[in-house]
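# Architecture at a glance
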Amino acid sequence: MLHYAVVFFIVALVAGVLGFTGIAAGAVEIAKILFLVFIVLFVISLVMGLSRRR
């Protein structure tokens, strides 16, 4: 999932450089959402892993 966030971020950068501001804004929003979901799943996984060791 982090891979997809990075891909959309790169797409946003390229689109921004080329002047496609609408596409760049959309790609940035998708990247933000995917990154947030990745962080939430990582924290849940971390907490679950720590609680199972005890």
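The structure under discussion appears in the preceding block.
Just so we're clear, the structure is a prediction, and the values are computed from it rather than from any experiment. (Residues numbered from 1 in each chain as written. Predicted model: local features only at pLDDT ≥ 70, side-chain atom pairs only at ≥ 80, totals over all residues. Heavy atoms only, no water.)

Before going further, it helps to examine the overall build of the chain. Counting secondary structure elements, the chain contains two helices and zero strands. Relative to its length of 54 residues, the chain is extended, with a C-alpha radius of gyration of 15 Å against a globular reference of 10 Å. In terms of overall dimensions, the chain has C-alpha extents of about 55 × 15 × 10 Å along its principal axes. Burial status across the chain gives 13% buried among its 54 residues. Put simply, the chain shows about 4400 Å² of open surface, and 78% of that area lies on carbon and sulfur atoms. (Helix = DSSP H or I, 4+ residues; strand = E, 2+ residues; numbered from the N terminus. Rg over C-alpha atoms; globule rule 2.2 N^0.38 Å. Buried < 20%, exposed > 50% of the residue type's maximum accessible area, 1.4 Å probe, protein only. Areas by Shrake-Rupley, 256 points an atom, 1.4 Å probe, with all protein chains shown as cover.)

Enumeration over the complete set of coordinates arrives at one aromatic pair. Each ring, one from F38 and one from F42, has its centre 6.5 Å from the other, and the planes form 20°; the classification is stacked. With F38 and F42 both in helix α2 (residues 21-53), this residue pair falls four residues apart, about one helical turn. The class of F38 is partly exposed, set by a relative accessible area of 27%. Accessibility expressed as a relative area gives 46% for F42, which makes it partly exposed. (Phe/Tyr/Trp six-rings, centres within 6.5 Å; stacked < 30°, edge-to-face > 60°.)

Over its 17 residues, helix α1 (residues 2-18) extends 24 Å from the first C-alpha to the last, a length consistent with the 24 Å expected when each residue adds 1.5 Å. Every buried residue of α1 is accounted for by A5, A12 and A15. Taken end-on, α1 shows its buried residues confined to a sector of 90°, consistent with a single buried face. Exposed and oriented more than 90 degrees from the buried face of α1 are H3, V17 and L18. Looking at the packing, one finds that the buried side of α1 touches α2. Where α1 ends, the next residue or the one after it, G19, has phi of about 95°, a positive value. (Expected span 1.5 Å × (residues − 1). Arc of directions from axis to C-beta. Contact = heavy atoms within 4.5 Å.)

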